[in-house]
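Examining the three-dimensional arrangement
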Amino acid sequence: MLSDTIKKFIKQALLGLLVLFIALFFVFNLNFFQGSISRSLSKDTGFNITMDEIDFVLYQPNKLTIKGLHVQHKKNKNQRLNIGSIQVNFSFWDMLFREANIENLQIQKVEVNWDTSTDPKESSKEKSPKTNESESRNSGLKALHLANTNIAPVNLVIKSPNGYIEAVNFQLEGKQIDLIQDGRFSLEKVFAELQLSLEKLDTPQLKATNTEAGIRVAAGKVILEPLKSSIFNGLVEVSGEIDLLKGNSVHLQKVLLQNLQLDTNQFQKNQEKPNNKSTEQTESSQLPIAALSIGQCNGQNITVKAGSPEQPIQLNALQWQTENIQVIKNHQLLVGDKAADFQIKGHMEWSDGTIGALTMQQGAFDFQAHLGQVVLKNMSFEAGNSKLAGAGSIDLNAPEIPLTLHISQSQFDLAEIIPKFSNSDHITQGILQVKGEIFTPLIVNDPNDYIGLSAVDLGIHGEDWKLNHIDLNNIIQGYQESQQTSLLDVGGFLLTGPVGIIASQFVELGKGALTAGGTTELKQLSSKIHMKDGSATLNQTAFSTDKYRMALQGGLNIKAQEFAGFSVHLLNPKGCSVLEQRLSGPFTAPASAITDTLIGTVLNPLAEIGDTLTGLVKDCEPIYQGEVTHPKQG
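The structure reproduced in this document is the subject of the present report. Here the residue numbering is sequential within each chain, running from 1 through the sequence in written order. Only residues with pLDDT of at least 70 are given local features in this predicted model, and only at 80 or more are side-chain atom pairs given and counted; all residues enter the totals for whole chains, interfaces and linings. As a rule here, side-chain values come from all non-hydrogen atoms in the structure, and water together with hydrogens is ignored.

A closer look at the overall build of the protein chain
On a plain count of helices and strands, the protein chain comes out with 11 helices and 32 strands. Whether two residues are in contact is decided by their heavy atoms: any pair within 4.5 Å suffices. In the protein chain, the proportion of contacts linking residues at least 24 apart, taken out of those at least 6 apart, comes to 53%. Computed with the Shrake-Rupley method and a 1.4 Å probe, the accessible areas treat only the protein chains shown as cover for residues. Surface summary for the protein chain: the accessible area is close to 35500 Å², and the carbon and sulfur share equals 54%. Going along the chain from the N terminus, every DSSP run of H or I of four or more residues is numbered as a helix, and every run of E of two or more is numbered as a strand.

Shown next as structure tokens:
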């Protein structure tokens, strides 16, 4: 039997253990201090922080559990964060030696609602402190390692005066995360292997679903392995890396875009128009990204909508392959005076598309940007029976970004094209061929500046045109008989029709003739047009019907809408001028612009115009010797 002394000792020991366990319950049951912890966390911040329940397990491995963490802005109740639960395992013993080895960090049911739209002034004053990301800093810990981290799901809604961001069901898994080694935090020593997914991302500019990415952080680099997302009803896949030690330099090894449907007009509607002051600040400030380059960017089966409601443009089944792209350098976007460093090389093609009402079967071209010049090669476009081939260039160094287009071969079926762009039925059939060069700016402050800044040097040729509402043979015959009918209607129709197609119908002449009735068949048409500084000059310009041949000479000041030494000629078989009308004055009053009506020097007082046209008069000096031949019946 136990002695009384031993029994007394056992009773005292059991009582002591009971007191110890009661004390430990209050020490390690953090719910007892929940109110004090919440008040302490909320005291020196602008937020009210509360917790529903806190639990701490003393024995190894130590476990800390927080249920119901709530954070709310003290002034703006629309800024709040709710976390369903936080659970983490760690070694309390290791913490005594300033080593944080955290395992199984589980953060669940995160809801973030952050609305700054009601107080934009206050939110605009908030600025993130400037830090040197590559700087190595001392830490109170010798090491901080996380293993098996899981954060899911996270639902986020952020509203501001500039828009909103909504993220649904974001999940993050981290197998291994090393943040502090040897008592210092340094980006060079941070290591992490992460997997993230996002069910939905919604912003005014971007809608994305089913986003997944593998992320590896090592040696100061963030590596995407790869990132996949469904946006614009298609798929985007990106692989690359961000070098944090070199000012956030981004290099994307590969970008793949599949089945995207892009509407540039809708994107522009969602863009906020900044005022001049903010624009100047943006231009003068440096981008947070030091460099952005792309090794390969391929597009497959892309649909692009652009243009205006009156003249929509849509390209279907668009494909491209690009390489060696440099977009940002030294924290500057490579546009304007930095465009010389912009680089890109590739090929683009499509197999279906529309421009307005015109259907395009296919198009293709190669392109390369170097020293601010985008060179376009092997250009080819087809729309029905119409085709165009050539090359060109775009000068990114100039503020107007001018386009130079070299047309090596083209054929336009007017019966197909004109109804697509005009309700006029004045020309119902014919083939137009164009060769030469067009120079035009892509950006101007005033649309009226296009004419003055554009330049044209073209040769055009037409065959078998059918003209409605006018009978040129009757007009010319009437002039032969009375010498009172104006040849202006003949030349005017040429300007409003054939030349107007090239000159965008800036010239409006001969409207009276367009209602005269009848039809005309133009057998041939040819012209060399040179335009610069808003003035056009017609050289070797002529056309023929089945009976007559006419020539146009001189200049047209398109910018001022005036004739400049312009004349209309009726030709004989040798190309001599039988009749001539000279014009000088505004386009708006062509009849009053006629300064002279001359009978050619081939005529004498005894000669008849009809005889001259049939070649009975042989001594004359030709004014036209181009490719338009004289009709056999003339």
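Topic: helix α7 (residues 414-421)
The set of residues buried in α7 consists of Leu-414, Ile-417 and Ile-418. Projected down its long axis, α7 shows its buried positions confined to an angular sector of 95°, all on one face. Where α7 begins, one side-chain oxygen reaches toward the backbone nitrogen of Ala-415, 3.1 Å away; that side chain belongs to Asp-413. When accessible area is computed with a 1.4 Å probe and restricted to protein chains, residues below 20% of their type maximum are described as buried, those above 50% as exposed, and intermediate ones as partly exposed. This arc is taken over the directions from the axis of the helix to the C-beta atoms. In protein, a polar contact means a hydrogen-donor-capable atom and an acceptor-capable atom, both N or O and within 3.5 Å, with residues adjacent in sequence counting only if both atoms are side-chain atoms; elsewhere, any N or O pair within 3.5 Å suffices.

Some thoughts on the pairing of strand β25 (residues 427-441)
Being paired, for any two strands, means DSSP has found at least two bridges between them. The sheet contact formed by strand β24 (residues 402-413) and β25 spans 8 bridges and is antiparallel. Opposite Leu-405, over in β25, you have Ile-438 as the bridge partner. Where β25 meets strand β26 (residues 455-468), 11 bridges bridge the pair, whose relative direction is antiparallel. If you follow Ile-431 over to β26, its bridge partner there is Glu-463.

Quick word on the state of the cysteines
Any two cysteine sulfur atoms within 2.5 Å of one another count as a disulfide. Enumeration over the complete set of coordinates arrives at 1 disulfide. Between the sulfur atoms of Cys-576 and its disulfide mate Cys-620 the distance is 1.9 Å. Its S-S torsion of approximately 75° makes the covalent link between Cys-576 and Cys-620 right-handed. Here Cys-576, found in the loop between β30 (562-571) and β31 (577-583), pairs with Cys-620, found in the segment after α11 (609-613); they are 44 residues apart in sequence, far enough to count as distant.

Some points on the packing of aromatic side chains
Only the six-membered ring of Trp is used, alongside the rings of Phe and Tyr, when aromatic pairs are assigned; centres must lie within 6.5 Å, and planes under 30 degrees apart are stacked while those over 60 apart are edge-to-face, with the rest tilted. Within this structure, the stated rule accounts for 4 aromatic pairs. Measuring from ring centre to ring centre gives 5.8 Å for Phe-47 and Trp-114, while their planes differ by 35°; the resulting arrangement is tilted. One end of the pair, Phe-47, is in strand β1 (residues 47-57); the other, Trp-114, is in strand β4 (residues 99-115), and 67 residues separate them in sequence. Relative accessible area serves as the criterion here: at 25%, Phe-47 is assigned to the partly exposed category. Seen from their ring centres, Phe-563 and Phe-566 are 5.6 Å apart, and the 35° between their planes marks the pair as tilted. The burial state of Phe-563 is the same as that of Phe-566; both residues are buried.

Section: a nonpolar patch on the surface
A patch consists of residues exposed above 30% relative accessible area that lack any salt bridge, with like charges linked at up to 9 Å and nonpolar side chains (Val, Leu, Ile, Met, Phe, Trp, Tyr) linked at up to 5 Å. In what follows, salt bridge is the name for a side-chain nitrogen of Lys or Arg lying within 4 Å of a carboxyl oxygen of Asp or Glu. On the surface, Phe-92, Trp-93, Leu-96 and Phe-97 cluster together into a nonpolar patch covering about 470 Å² of accessible area. Along the chain, the position of Leu-96 falls in helix α3 (residues 92-96).

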